[in-house]
Number of protein chains: 2
Amino acid sequence: MAPPLRALVNGRGDGALLALDRGLHFGDGVFETIRCMAGQPCWWPLHWQRLQLGAGRLALPLPAQQQLVAEVTELARMAERCLVKLILTRGPALARGYAPTGDETGTRIALCYEWPPAPPPMFRVRTAQLTLGENPALAGIKHLNRLEQVLAQRELAVADCEELLLCASSGAVICGSMSNVFLGFEDALVTPDLEQCGVAGVMRALVLQACAALQLPLRIATVTPALLVGAASLFVTNVRLGLQTAHSVDGRALRVDPRIASLQRWIDAHAF
Amino acid sequence: MAPPLRALVNGRGDGALLALDRGLHFGDGVFETIRCMAGQPCWWPLHWQRLQLGAGRLALPLPAQQQLVAEVTELARMAERCLVKLILTRGPALARGYAPTGDETGTRIALCYEWPPAPPPMFRVRTAQLTLGENPALAGIKHLNRLEQVLAQRELAVADCEELLLCASSGAVICGSMSNVFLGFEDALVTPDLEQCGVAGVMRALVLQACAALQLPLRIATVTPALLVGAASLFVTNVRLGLQTAHSVDGRALRVDPRIASLQRWIDAHAF
(Lines give C-alpha, C1' and ligand atoms only; values in the text may rest on other atoms or scores of the structure.)
Protein backbone atom coordinates (compact mmCIF):
# COMPACT_ATOMS: atom_id res chain seq x y z
CA MET A 1 0.00 0.00 0.00
CA ALA A 2 1.63 3.26 -1.15
CA PRO A 3 -0.57 6.32 -0.58
CA PRO A 4 0.56 9.51 -2.28
CA LEU A 5 3.12 11.66 -0.49
CA ARG A 6 0.90 14.69 -0.99
CA ALA A 7 -2.27 15.75 -2.81
CA LEU A 8 -3.48 19.16 -3.98
CA VAL A 9 -7.06 19.83 -5.13
CA ASN A 10 -7.34 23.21 -6.84
CA GLY A 11 -4.14 24.13 -5.04
CA ARG A 12 -5.46 23.23 -1.58
CA GLY A 13 -3.90 20.48 0.49
CA ASP A 14 -6.99 18.87 2.06
CA GLY A 15 -7.34 16.30 -0.74
CA ALA A 16 -11.16 16.38 -0.95
CA LEU A 17 -13.33 17.14 -3.96
CA LEU A 18 -17.04 17.46 -4.60
CA ALA A 19 -19.16 14.38 -5.20
CA LEU A 20 -20.65 16.35 -8.09
CA ASP A 21 -17.41 16.39 -10.06
CA ARG A 22 -17.88 15.33 -13.69
CA GLY A 23 -14.53 13.58 -13.51
CA LEU A 24 -16.20 11.12 -11.14
CA HIS A 25 -19.60 10.96 -12.84
CA PHE A 26 -18.42 10.44 -16.41
CA GLY A 27 -14.61 10.31 -16.44
CA ASP A 28 -14.94 13.73 -18.03
CA GLY A 29 -11.32 14.85 -17.89
CA VAL A 30 -7.72 14.06 -18.75
CA PHE A 31 -4.56 13.21 -16.83
CA GLU A 32 -0.79 13.03 -17.04
CA THR A 33 1.77 10.97 -15.16
CA ILE A 34 4.94 13.03 -14.95
CA ARG A 35 8.43 11.88 -14.04
CA CYS A 36 10.06 14.39 -11.68
CA MET A 37 13.78 14.50 -10.94
CA ALA A 38 15.83 16.92 -8.87
CA GLY A 39 12.69 18.94 -8.12
CA GLN A 40 11.69 19.44 -11.77
CA PRO A 41 9.17 17.78 -14.11
CA CYS A 42 10.85 15.94 -17.01
CA TRP A 43 9.65 16.48 -20.61
CA TRP A 44 7.03 18.99 -19.46
CA PRO A 45 6.40 20.52 -22.94
CA LEU A 46 5.13 17.14 -24.22
CA HIS A 47 2.80 16.71 -21.23
CA TRP A 48 1.43 20.21 -21.76
CA GLN A 49 1.00 19.53 -25.49
CA ARG A 50 -1.05 16.38 -24.77
CA LEU A 51 -3.16 18.20 -22.14
CA GLN A 52 -3.95 20.83 -24.77
CA LEU A 53 -4.84 18.13 -27.31
CA GLY A 54 -7.15 16.36 -24.82
CA ALA A 55 -8.76 19.57 -23.61
CA GLY A 56 -9.33 20.63 -27.21
CA ARG A 57 -10.91 17.31 -28.15
CA LEU A 58 -13.26 17.30 -25.13
CA ALA A 59 -13.72 21.10 -24.97
CA LEU A 60 -12.47 21.11 -21.38
CA PRO A 61 -11.44 24.29 -19.57
CA LEU A 62 -7.63 24.26 -19.18
CA PRO A 63 -5.78 26.10 -16.38
CA ALA A 64 -2.85 28.38 -17.25
CA GLN A 65 0.33 26.45 -17.98
CA GLN A 66 2.21 28.54 -15.40
CA GLN A 67 -0.16 27.49 -12.63
CA LEU A 68 0.21 23.80 -13.47
CA VAL A 69 4.00 24.03 -13.63
CA ALA A 70 4.06 25.80 -10.26
CA GLU A 71 1.95 23.05 -8.62
CA VAL A 72 3.84 20.17 -10.21
CA THR A 73 7.14 21.76 -9.20
CA GLU A 74 5.90 22.26 -5.63
CA LEU A 75 5.11 18.52 -5.42
CA ALA A 76 8.30 17.51 -7.27
CA ARG A 77 10.27 18.84 -4.32
CA MET A 78 8.90 16.02 -2.14
CA ALA A 79 11.59 13.58 -3.31
CA GLU A 80 14.74 13.44 -5.45
CA ARG A 81 12.79 11.24 -7.89
CA CYS A 82 8.99 10.89 -7.86
CA LEU A 83 5.89 10.64 -10.06
CA VAL A 84 3.34 13.45 -10.13
CA LYS A 85 -0.12 12.62 -11.42
CA LEU A 86 -2.05 15.60 -12.72
CA ILE A 87 -5.82 15.21 -13.25
CA LEU A 88 -7.87 17.93 -14.96
CA THR A 89 -11.63 17.46 -15.01
CA ARG A 90 -14.46 19.58 -16.36
CA GLY A 91 -15.24 20.32 -12.70
CA PRO A 92 -18.46 20.09 -10.68
CA ALA A 93 -21.57 19.41 -12.76
CA LEU A 94 -23.78 22.47 -13.16
CA ALA A 95 -26.76 20.37 -14.29
CA ARG A 96 -27.93 16.75 -14.15
CA GLY A 97 -27.06 14.48 -17.06
CA TYR A 98 -24.25 13.95 -19.56
CA ALA A 99 -24.43 17.33 -21.29
CA PRO A 100 -21.98 19.97 -20.10
CA THR A 101 -23.42 23.49 -19.86
CA GLY A 102 -20.20 25.04 -21.17
CA ASP A 103 -19.86 27.16 -18.02
CA GLU A 104 -17.95 24.57 -15.97
CA THR A 105 -14.80 25.89 -14.30
CA GLY A 106 -12.68 22.74 -14.06
CA THR A 107 -11.00 20.89 -11.21
CA ARG A 108 -7.26 20.31 -11.03
CA ILE A 109 -5.77 17.61 -8.87
CA ALA A 110 -2.06 16.98 -8.40
CA LEU A 111 -0.78 13.94 -6.53
CA CYS A 112 2.83 13.12 -5.72
CA TYR A 113 3.82 9.44 -5.49
CA GLU A 114 7.01 7.70 -4.41
CA TRP A 115 9.14 6.39 -7.26
CA PRO A 116 7.97 2.79 -7.84
CA PRO A 117 10.26 -0.24 -7.55
CA ALA A 118 12.19 -1.29 -10.69
CA PRO A 119 10.66 -4.01 -12.89
CA PRO A 120 12.14 -7.52 -12.59
CA PRO A 121 15.24 -8.33 -14.73
CA MET A 122 13.27 -10.65 -17.04
CA PHE A 123 10.42 -8.69 -18.64
CA ARG A 124 7.97 -10.95 -20.45
CA VAL A 125 5.09 -9.73 -22.63
CA ARG A 126 1.97 -11.59 -23.71
CA THR A 127 -1.04 -10.74 -25.87
CA ALA A 128 -4.13 -10.09 -23.72
CA GLN A 129 -7.54 -11.73 -24.09
CA LEU A 130 -9.15 -8.32 -23.52
CA THR A 131 -9.51 -6.12 -26.58
CA LEU A 132 -9.90 -2.35 -26.86
CA GLY A 133 -12.93 -0.52 -28.26
CA GLU A 134 -12.22 1.77 -31.20
CA ASN A 135 -13.24 5.42 -31.13
CA PRO A 136 -11.29 7.99 -33.16
CA ALA A 137 -12.91 10.79 -31.10
CA LEU A 138 -11.12 9.51 -27.98
CA ALA A 139 -8.02 7.88 -29.50
CA GLY A 140 -4.60 9.24 -28.59
CA ILE A 141 -5.61 11.43 -25.64
CA LYS A 142 -5.12 10.40 -22.01
CA HIS A 143 -8.71 10.78 -20.79
CA LEU A 144 -10.18 9.45 -17.55
CA ASN A 145 -12.19 6.56 -19.09
CA ARG A 146 -9.70 3.87 -18.17
CA LEU A 147 -11.76 0.80 -17.31
CA GLU A 148 -10.16 -1.12 -20.18
CA GLN A 149 -6.76 -0.58 -18.54
CA VAL A 150 -8.15 -1.60 -15.14
CA LEU A 151 -9.50 -4.84 -16.63
CA ALA A 152 -6.20 -5.41 -18.45
CA GLN A 153 -4.32 -5.05 -15.17
CA ARG A 154 -6.64 -7.57 -13.54
CA GLU A 155 -5.81 -9.96 -16.40
CA LEU A 156 -2.09 -9.17 -15.99
CA ALA A 157 -2.21 -9.94 -12.25
CA VAL A 158 -2.92 -13.62 -13.01
CA ALA A 159 -0.85 -13.85 -16.22
CA ASP A 160 2.67 -15.26 -16.34
CA CYS A 161 4.30 -12.05 -17.63
CA GLU A 162 5.15 -8.43 -16.76
CA GLU A 163 3.06 -6.62 -19.39
CA LEU A 164 0.12 -7.45 -21.68
CA LEU A 165 -0.25 -6.31 -25.29
CA LEU A 166 -3.74 -5.14 -26.15
CA CYS A 167 -5.33 -5.48 -29.58
CA ALA A 168 -8.18 -3.36 -30.91
CA SER A 169 -11.58 -4.98 -31.51
CA SER A 170 -10.63 -5.02 -35.22
CA GLY A 171 -7.52 -7.09 -34.46
CA ALA A 172 -4.52 -4.73 -34.68
CA VAL A 173 -1.97 -4.64 -31.85
CA ILE A 174 -2.23 -1.20 -30.21
CA CYS A 175 -0.32 -0.86 -26.92
CA GLY A 176 0.51 -2.36 -23.55
CA SER A 177 -1.82 -2.18 -20.54
CA MET A 178 0.22 0.82 -19.28
CA SER A 179 2.71 1.43 -22.09
CA ASN A 180 3.25 1.98 -25.79
CA VAL A 181 5.00 -0.64 -27.86
CA PHE A 182 7.76 -0.68 -30.49
CA LEU A 183 8.72 -3.67 -32.67
CA GLY A 184 12.29 -4.03 -33.92
CA PHE A 185 13.05 -5.21 -37.44
CA GLU A 186 16.38 -5.22 -39.28
CA ASP A 187 15.50 -2.15 -41.38
CA ALA A 188 13.27 -0.14 -39.02
CA LEU A 189 11.37 0.21 -35.78
CA VAL A 190 7.57 -0.02 -36.05
CA THR A 191 5.02 1.39 -33.60
CA PRO A 192 1.22 1.02 -33.88
CA ASP A 193 -0.94 3.68 -35.46
CA LEU A 194 -3.19 5.17 -32.72
CA GLU A 195 -5.91 6.74 -34.88
CA GLN A 196 -8.64 4.37 -33.61
CA CYS A 197 -7.63 3.69 -29.99
CA GLY A 198 -4.78 3.77 -27.51
CA VAL A 199 -2.97 6.56 -25.70
CA ALA A 200 -0.17 8.42 -27.50
CA GLY A 201 2.37 8.37 -24.67
CA VAL A 202 4.95 11.05 -23.92
CA MET A 203 7.76 8.45 -23.99
CA ARG A 204 6.43 7.24 -27.38
CA ALA A 205 6.63 10.83 -28.67
CA LEU A 206 10.20 11.04 -27.35
CA VAL A 207 11.20 7.83 -29.15
CA LEU A 208 9.78 9.31 -32.38
CA GLN A 209 11.79 12.50 -31.80
CA ALA A 210 14.94 10.54 -30.94
CA CYS A 211 14.61 8.37 -34.06
CA ALA A 212 14.38 11.49 -36.21
CA ALA A 213 17.35 13.11 -34.47
CA LEU A 214 19.48 9.97 -34.71
CA GLN A 215 18.30 9.13 -38.26
CA LEU A 216 16.97 5.72 -37.23
CA PRO A 217 14.18 4.56 -39.58
CA LEU A 218 10.77 4.30 -37.89
CA ARG A 219 7.32 3.51 -39.27
CA ILE A 220 3.93 4.20 -37.67
CA ALA A 221 1.77 1.38 -39.04
CA THR A 222 -1.10 -1.02 -38.46
CA VAL A 223 0.51 -3.83 -36.47
CA THR A 224 -1.14 -7.13 -37.33
CA PRO A 225 -0.53 -10.19 -35.13
CA ALA A 226 1.44 -11.58 -38.13
CA LEU A 227 3.79 -8.59 -38.03
CA LEU A 228 4.26 -9.08 -34.28
CA VAL A 229 5.33 -12.68 -34.87
CA GLY A 230 8.05 -11.48 -37.26
CA ALA A 231 9.61 -8.91 -34.89
CA ALA A 232 13.17 -9.64 -33.76
CA SER A 233 12.90 -7.36 -30.74
CA LEU A 234 10.26 -5.45 -28.83
CA PHE A 235 10.28 -2.74 -26.22
CA VAL A 236 7.53 -0.96 -24.30
CA THR A 237 7.64 2.66 -23.20
CA ASN A 238 6.22 4.98 -20.57
CA VAL A 239 7.71 7.84 -18.55
CA ARG A 240 8.35 5.59 -15.58
CA LEU A 241 10.04 2.68 -17.40
CA GLY A 242 11.64 4.68 -20.21
CA LEU A 243 12.43 2.11 -22.94
CA GLN A 244 11.88 -1.32 -21.40
CA THR A 245 13.22 -4.32 -23.33
CA ALA A 246 10.83 -7.27 -23.60
CA HIS A 247 12.78 -10.53 -23.35
CA SER A 248 9.93 -12.59 -24.77
CA VAL A 249 6.52 -12.14 -26.39
CA ASP A 250 3.89 -14.89 -26.09
CA GLY A 251 6.67 -17.25 -24.97
CA ARG A 252 8.93 -16.55 -27.99
CA ALA A 253 12.40 -15.29 -26.99
CA LEU A 254 13.43 -11.87 -28.31
CA ARG A 255 16.81 -10.22 -28.62
CA VAL A 256 17.72 -6.88 -27.05
CA ASP A 257 17.27 -4.18 -29.68
CA PRO A 258 20.63 -2.55 -30.46
CA ARG A 259 18.93 0.82 -30.96
CA ILE A 260 17.57 1.09 -27.40
CA ALA A 261 20.73 2.36 -25.70
CA SER A 262 21.30 5.31 -28.04
CA LEU A 263 17.57 6.24 -28.05
CA GLN A 264 17.47 6.17 -24.23
CA ARG A 265 20.62 8.31 -24.04
CA TRP A 266 19.15 10.92 -26.39
CA ILE A 267 15.86 11.00 -24.44
CA ASP A 268 17.55 11.30 -21.03
CA ALA A 269 19.66 14.15 -22.38
CA HIS A 270 16.47 16.03 -23.32
CA ALA A 271 14.60 15.72 -20.00
CA PHE A 272 14.58 19.46 -19.20
CA MET B 1 -28.46 25.31 -13.31
CA ALA B 2 -30.04 22.60 -11.15
CA PRO B 3 -27.80 21.39 -8.32
CA PRO B 4 -28.91 18.25 -6.51
CA LEU B 5 -31.40 18.63 -3.69
CA ARG B 6 -29.15 16.56 -1.46
CA ALA B 7 -26.02 14.39 -1.64
CA LEU B 8 -24.80 11.54 0.57
CA VAL B 9 -21.24 10.16 0.39
CA ASN B 10 -20.94 6.89 2.31
CA GLY B 11 -24.08 7.95 4.15
CA ARG B 12 -22.69 11.33 5.22
CA GLY B 13 -24.22 14.59 4.07
CA ASP B 14 -21.13 16.74 3.45
CA GLY B 15 -20.88 15.74 -0.22
CA ALA B 16 -17.07 15.48 -0.35
CA LEU B 17 -14.98 12.51 -1.42
CA LEU B 18 -11.27 11.74 -1.56
CA ALA B 19 -9.21 12.87 -4.55
CA LEU B 20 -7.77 9.34 -4.48
CA ASP B 21 -11.06 7.71 -5.42
CA ARG B 22 -10.69 5.22 -8.28
CA GLY B 23 -14.08 6.38 -9.57
CA LEU B 24 -12.39 9.67 -10.42
CA HIS B 25 -9.02 8.29 -11.56
CA PHE B 26 -10.33 5.58 -13.90
CA GLY B 27 -14.13 5.68 -13.92
CA ASP B 28 -13.79 2.49 -11.89
CA GLY B 29 -17.37 2.04 -10.79
CA VAL B 30 -21.02 1.80 -11.81
CA PHE B 31 -24.12 3.93 -11.42
CA GLU B 32 -27.92 3.91 -11.57
CA THR B 33 -30.45 6.64 -12.24
CA ILE B 34 -33.58 5.76 -10.28
CA ARG B 35 -37.05 7.20 -10.66
CA CYS B 36 -38.59 7.84 -7.25
CA MET B 37 -42.27 8.44 -6.65
CA ALA B 38 -44.24 8.90 -3.44
CA GLY B 39 -41.06 8.41 -1.42
CA GLN B 40 -40.15 5.06 -3.00
CA PRO B 41 -37.72 3.96 -5.73
CA CYS B 42 -39.50 2.52 -8.79
CA TRP B 43 -38.38 -0.82 -10.32
CA TRP B 44 -35.70 -1.23 -7.66
CA PRO B 45 -35.13 -4.98 -8.26
CA LEU B 46 -33.96 -4.27 -11.83
CA HIS B 47 -31.56 -1.56 -10.65
CA TRP B 48 -30.14 -3.91 -8.02
CA GLN B 49 -29.81 -6.68 -10.63
CA ARG B 50 -27.80 -4.43 -12.93
CA LEU B 51 -25.60 -3.23 -10.05
CA GLN B 52 -24.83 -6.86 -9.28
CA LEU B 53 -24.05 -7.55 -12.95
CA GLY B 54 -21.71 -4.54 -13.15
CA ALA B 55 -20.02 -5.28 -9.83
CA GLY B 56 -19.52 -8.89 -10.90
CA ARG B 57 -18.03 -7.91 -14.26
CA LEU B 58 -15.61 -5.39 -12.70
CA ALA B 59 -15.08 -7.32 -9.41
CA LEU B 60 -16.24 -4.28 -7.44
CA PRO B 61 -17.16 -4.45 -3.76
CA LEU B 62 -20.96 -4.07 -3.46
CA PRO B 63 -22.73 -2.67 -0.36
CA ALA B 64 -25.63 -4.58 1.18
CA GLN B 65 -28.86 -4.12 -0.76
CA GLN B 66 -30.63 -3.06 2.44
CA GLN B 67 -28.19 -0.18 2.99
CA LEU B 68 -28.66 1.10 -0.56
CA VAL B 69 -32.44 0.90 -0.36
CA ALA B 70 -32.37 2.79 2.95
CA GLU B 71 -30.27 5.63 1.48
CA VAL B 72 -32.25 5.86 -1.75
CA THR B 73 -35.50 5.91 0.23
CA GLU B 74 -34.15 8.62 2.53
CA LEU B 75 -33.42 10.79 -0.52
CA ALA B 76 -36.66 9.84 -2.29
CA ARG B 77 -38.55 11.64 0.50
CA MET B 78 -37.16 14.98 -0.76
CA ALA B 79 -39.92 15.34 -3.37
CA GLU B 80 -43.11 13.67 -4.57
CA ARG B 81 -41.26 12.76 -7.78
CA CYS B 82 -37.46 12.93 -8.17
CA LEU B 83 -34.44 11.18 -9.64
CA VAL B 84 -31.86 9.56 -7.39
CA LYS B 85 -28.44 8.86 -8.87
CA LEU B 86 -26.49 6.14 -7.12
CA ILE B 87 -22.75 5.84 -7.83
CA LEU B 88 -20.72 2.92 -6.50
CA THR B 89 -16.97 3.06 -7.05
CA ARG B 90 -14.15 0.73 -6.07
CA GLY B 91 -13.24 3.39 -3.50
CA PRO B 92 -9.98 5.18 -2.69
CA ALA B 93 -6.94 3.75 -4.47
CA LEU B 94 -4.70 1.73 -2.17
CA ALA B 95 -1.79 1.88 -4.62
CA ARG B 96 -0.65 3.93 -7.61
CA GLY B 97 -1.63 2.71 -11.07
CA TYR B 98 -4.51 0.95 -12.80
CA ALA B 99 -4.33 -2.34 -10.89
CA PRO B 100 -6.72 -2.72 -7.95
CA THR B 101 -5.22 -4.44 -4.90
CA GLY B 102 -8.44 -6.35 -4.23
CA ASP B 103 -8.67 -4.84 -0.73
CA GLU B 104 -10.57 -1.67 -1.75
CA THR B 105 -13.64 -0.94 0.34
CA GLY B 106 -15.81 1.01 -2.11
CA THR B 107 -17.44 4.42 -2.10
CA ARG B 108 -21.17 4.95 -2.37
CA ILE B 109 -22.65 8.24 -3.45
CA ALA B 110 -26.35 9.02 -3.62
CA LEU B 111 -27.64 12.26 -5.15
CA CYS B 112 -31.23 13.44 -5.30
CA TYR B 113 -32.26 15.64 -8.25
CA GLU B 114 -35.44 17.53 -9.05
CA TRP B 115 -37.68 15.89 -11.61
CA PRO B 116 -36.57 17.32 -14.99
CA PRO B 117 -38.90 19.22 -17.33
CA ALA B 118 -40.91 17.18 -19.84
CA PRO B 119 -39.50 16.78 -23.38
CA PRO B 120 -41.03 18.94 -26.12
CA PRO B 121 -44.18 17.61 -27.87
CA MET B 122 -42.30 16.89 -31.14
CA PHE B 123 -39.47 14.45 -30.43
CA ARG B 124 -37.09 14.12 -33.37
CA VAL B 125 -34.27 11.59 -33.59
CA ARG B 126 -31.19 11.64 -35.83
CA THR B 127 -28.23 9.32 -36.37
CA ALA B 128 -25.08 10.73 -34.74
CA GLN B 129 -21.70 11.25 -36.40
CA LEU B 130 -20.04 9.87 -33.25
CA THR B 131 -19.72 6.10 -33.08
CA LEU B 132 -19.29 3.82 -30.06
CA GLY B 133 -16.28 1.61 -29.36
CA GLU B 134 -17.03 -2.10 -29.00
CA ASN B 135 -15.93 -4.03 -25.93
CA PRO B 136 -17.93 -7.07 -24.79
CA ALA B 137 -16.21 -6.89 -21.38
CA LEU B 138 -17.94 -3.55 -20.72
CA ALA B 139 -21.10 -3.91 -22.82
CA GLY B 140 -24.48 -3.84 -21.10
CA ILE B 141 -23.34 -2.54 -17.71
CA LYS B 142 -23.75 1.07 -16.59
CA HIS B 143 -20.13 1.84 -15.71
CA LEU B 144 -18.60 5.27 -15.11
CA ASN B 145 -16.68 5.51 -18.43
CA ARG B 146 -19.18 7.77 -20.14
CA LEU B 147 -17.13 10.12 -22.31
CA GLU B 148 -18.84 8.77 -25.43
CA GLN B 149 -22.18 9.91 -24.00
CA VAL B 150 -20.72 13.31 -23.05
CA LEU B 151 -19.44 13.77 -26.62
CA ALA B 152 -22.80 12.61 -28.01
CA GLN B 153 -24.59 15.20 -25.87
CA ARG B 154 -22.26 17.89 -27.19
CA GLU B 155 -23.21 16.79 -30.70
CA LEU B 156 -26.89 16.76 -29.72
CA ALA B 157 -26.68 20.31 -28.36
CA VAL B 158 -26.05 21.67 -31.88
CA ALA B 159 -28.22 19.11 -33.76
CA ASP B 160 -31.75 19.82 -34.92
CA CYS B 161 -33.37 17.03 -32.86
CA GLU B 162 -34.15 15.82 -29.33
CA GLU B 163 -32.08 12.60 -29.28
CA LEU B 164 -29.24 11.09 -31.29
CA LEU B 165 -28.95 7.43 -32.30
CA LEU B 166 -25.46 6.02 -31.86
CA CYS B 167 -23.97 3.30 -34.04
CA ALA B 168 -21.12 0.99 -33.05
CA SER B 169 -17.76 1.30 -34.83
CA SER B 170 -18.81 -1.78 -36.84
CA GLY B 171 -21.93 0.02 -38.08
CA ALA B 172 -24.90 -1.40 -36.15
CA VAL B 173 -27.38 0.97 -34.48
CA ILE B 174 -27.00 0.49 -30.70
CA CYS B 175 -28.83 3.10 -28.60
CA GLY B 176 -29.58 6.76 -28.01
CA SER B 177 -27.20 9.16 -26.28
CA MET B 178 -29.14 8.63 -23.03
CA SER B 179 -31.70 5.98 -23.97
CA ASN B 180 -32.33 2.57 -25.48
CA VAL B 181 -34.17 2.26 -28.76
CA PHE B 182 -37.01 0.11 -30.14
CA LEU B 183 -38.06 -0.09 -33.79
CA GLY B 184 -41.66 -0.90 -34.68
CA PHE B 185 -42.55 -3.22 -37.57
CA GLU B 186 -45.90 -4.70 -38.49
CA ASP B 187 -45.05 -8.13 -37.07
CA ALA B 188 -42.74 -7.27 -34.15
CA LEU B 189 -40.73 -4.77 -32.15
CA VAL B 190 -36.96 -4.93 -32.59
CA THR B 191 -34.30 -3.67 -30.17
CA PRO B 192 -30.53 -3.75 -30.72
CA ASP B 193 -28.38 -6.55 -29.39
CA LEU B 194 -26.04 -5.09 -26.72
CA GLU B 195 -23.35 -7.79 -26.63
CA GLN B 196 -20.62 -5.48 -28.03
CA CYS B 197 -21.54 -2.07 -26.61
CA GLY B 198 -24.33 0.04 -25.13
CA VAL B 199 -26.05 0.08 -21.75
CA ALA B 200 -28.87 -2.39 -21.08
CA GLY B 201 -31.34 0.04 -19.53
CA VAL B 202 -33.86 -0.72 -16.81
CA MET B 203 -36.70 0.66 -18.97
CA ARG B 204 -35.48 -1.56 -21.85
CA ALA B 205 -35.66 -4.57 -19.51
CA LEU B 206 -39.19 -3.53 -18.52
CA VAL B 207 -40.28 -3.30 -22.17
CA LEU B 208 -38.92 -6.84 -22.70
CA GLN B 209 -40.88 -8.06 -19.65
CA ALA B 210 -44.03 -6.23 -20.75
CA CYS B 211 -43.81 -7.68 -24.29
CA ALA B 212 -43.58 -11.17 -22.81
CA ALA B 213 -46.49 -10.54 -20.42
CA LEU B 214 -48.67 -9.02 -23.16
CA GLN B 215 -47.60 -11.57 -25.79
CA LEU B 216 -46.27 -8.90 -28.15
CA PRO B 217 -43.58 -10.29 -30.47
CA LEU B 218 -40.12 -8.75 -29.86
CA ARG B 219 -36.72 -9.55 -31.36
CA ILE B 220 -33.28 -8.63 -30.01
CA ALA B 221 -31.20 -8.28 -33.18
CA THR B 222 -28.36 -6.54 -34.96
CA VAL B 223 -29.96 -3.32 -36.21
CA THR B 224 -28.38 -2.28 -39.50
CA PRO B 225 -28.97 1.23 -40.88
CA ALA B 226 -31.04 -0.51 -43.61
CA LEU B 227 -33.34 -2.02 -40.97
CA LEU B 228 -33.73 1.41 -39.35
CA VAL B 229 -34.86 2.88 -42.69
CA GLY B 230 -37.63 0.26 -42.86
CA ALA B 231 -39.09 0.89 -39.41
CA ALA B 232 -42.64 2.28 -39.31
CA SER B 233 -42.24 3.60 -35.78
CA LEU B 234 -39.52 4.14 -33.20
CA PHE B 235 -39.42 4.86 -29.51
CA VAL B 236 -36.62 5.47 -27.04
CA THR B 237 -36.64 4.46 -23.40
CA ASN B 238 -35.12 5.39 -20.06
CA VAL B 239 -36.52 5.56 -16.53
CA ARG B 240 -37.09 9.29 -16.82
CA LEU B 241 -38.89 9.34 -20.20
CA GLY B 242 -40.52 5.93 -20.00
CA LEU B 243 -41.44 5.03 -23.60
CA GLN B 244 -40.89 8.17 -25.65
CA THR B 245 -42.31 8.20 -29.19
CA ALA B 246 -39.99 9.51 -31.88
CA HIS B 247 -41.97 11.51 -34.44
CA SER B 248 -39.18 11.39 -37.02
CA VAL B 249 -35.82 9.74 -37.62
CA ASP B 250 -33.22 11.45 -39.84
CA GLY B 251 -36.01 13.69 -41.12
CA ARG B 252 -38.35 10.81 -42.11
CA ALA B 253 -41.77 11.03 -40.43
CA LEU B 254 -42.79 8.08 -38.23
CA ARG B 255 -46.14 6.97 -36.93
CA VAL B 256 -46.95 6.49 -33.25
CA ASP B 257 -46.54 2.82 -32.41
CA PRO B 258 -49.91 1.33 -31.38
CA ARG B 259 -48.16 -0.93 -28.83
CA ILE B 260 -46.70 1.89 -26.72
CA ALA B 261 -49.80 2.68 -24.66
CA SER B 262 -50.38 -0.87 -23.42
CA LEU B 263 -46.66 -1.41 -22.73
CA GLN B 264 -46.47 1.82 -20.76
CA ARG B 265 -49.56 0.87 -18.74
CA TRP B 266 -48.11 -2.54 -17.85
CA ILE B 267 -44.77 -0.98 -16.83
CA ASP B 268 -46.37 1.74 -14.69
CA ALA B 269 -48.47 -0.91 -12.95
CA HIS B 270 -45.27 -2.75 -11.99
CA ALA B 271 -43.33 0.18 -10.50
CA PHE B 272 -43.23 -1.17 -6.92
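The written sequence of each chain sets the order in which its residues are numbered from 1. Each chain gets a letter, beginning with A, and each ligand a number, beginning with 1, in the order they are written. Selection of residues for local features in this predicted model requires a pLDDT of at least 70, selection of side-chain atom pairs for listing and counting requires 80 or more, and totals for whole chains, interfaces and linings are taken over all residues. Side-chain metrics rest on all non-hydrogen atoms present in the structure, leaving aside hydrogens and water.

## Details of the interface of chain A and chain B
Our working definition: Whether two residues are in contact is decided by their heavy atoms, any of which lying within 4.5 Å being enough. Values labelled buried area give the accessible surface lost by two parts on being combined, using a 1.4 Å probe and summing over both. By salt bridge we mean one thing: a side-chain nitrogen of Lys or Arg within 4 Å of a carboxyl oxygen of Asp or Glu.
Every contact between the two is made by 62 residues of chain A and, on the other side, 62 residues of chain B. The contact between chain A and chain B buries some 4900 Å² in all, and 67% of this surface belongs to carbon and sulfur atoms. For chain A, the biggest contributors to the area lost against chain B are Arg96(A), Tyr98(A) and Leu147(A); these three give 17% of the whole. Summed over the shared surface of chain A and chain B, the number is zero salt bridges.

## What to know about the relation of the copies chain A and chain B
Operational definition: Here the copies are matched by least squares. The fit uses the C-alpha atoms of residues with pLDDT of at least 70 in both.
Least-squares fitting of chain A to chain B yields an RMSD of 0.0 Å, with the superposition described by an axial translation of 0.0 Å and a rotation of 180°. Classification of the inter-copy transformation places it as that of a two-fold axis. When the interface residues of chain A are mapped onto chain B, 100% of them again fall at the interface, so both copies present the same face.

## Structural notes on the pattern of salt bridges
Where we set the bar: Counting from the N terminus, the helices are DSSP H or I runs at least four residues long and the strands are E runs at least two residues long. Whether a residue is buried, partly exposed or exposed follows from its accessible area with a 1.4 Å probe, protein chains only, as a fraction of its type maximum: under 20%, in between, or over 50%, in that order.
Counted according to the given criterion, the structure contains 18 salt bridges over all chains. Here Arg90(A) makes a salt bridge to Asp28(A), at a shortest N to O gap of 2.6 Å. With Arg90(A) in the loop between β5 (81–89) and β6 (107–114) and Asp28(A) in the loop between α1 (22–26) and β3 (29–37), the pair connects residues that are 62 residues apart, well separated along the chain. Residue Arg90(A) shares its accessibility class with Asp28(A), and that shared class is buried. Between Arg6(B) and Glu74(B) there is a salt bridge, with the nearest N and O atoms lying 2.9 Å from each other. In this pair, Arg6(B) is assigned in strand β1 (residues 6–9) and Glu74(B) in helix α3 (residues 65–76), connecting sequence segments 68 residues apart. Ionic contacts of the salt-bridge type, sharing partners, join the residues Arg22(A), Asp28(A) and Arg90(A) into one network.

## Points about the environment of Met122(B)
All names here are of chain B. Along the chain, Met122 turns up in the loop between β6 (107–114) and β7 (124–132). Taking relative accessible area as the criterion, Met122 reaches 49% and is therefore assigned partly exposed. In the structure, Met122 is positioned 124 residues away from Ala246 in sequence and 7.8 Å away in space, judged by C-alpha atoms. Apart from the residues within four sequence positions on either side, Met122 is in contact with Glu162 and His247.

## Describing the sheet that holds strand β9 (residues 173–176) of chain B
All names here are of chain B. Quick note on the threshold: Paired strands, in this sense, are two strands between which DSSP finds at least two bridges. To define axes, lines are fitted to C-alpha atoms, for helices over the stretch in contact only, and angles between the resulting N-to-C directions are given on a 0 to 180 degree scale.
Strand order across the open sheet formed by five strands is β9-β8-β7-β15-β16, with mixed pairing between neighbours. With partners counted over all chains shown, the strands left at the sheet margins are β9 and β16 (252–253), one partner each. In this structure, β7 lies alongside strand β15 (residues 248–249), joined through two bridges in parallel fashion. Of the residues in β15, the one forming a bridge with Val125 is Val249. This element, helix α4 (residues 147–157), spans β7 and β8 (163–168) of the sheet and lies at about 135° to β7.

## Examining the state of the cysteines
Residues and elements named next belong to chain B. Using the following cut-off: The criterion for a disulfide is a pair of cysteine sulfur atoms lying within 2.5 Å.
If you walk through the whole model with that rule in mind, you get zero disulfides over all chains. The cysteine Cys42 is free of any disulfide, with Cys36 supplying the nearest cysteine sulfur at 6.7 Å. Assessed through its relative accessible area of 0%, Cys42 is described here as buried. Among the cysteines around Cys197, which has no disulfide bond, Cys175 carries the closest sulfur, lying 6.7 Å off.

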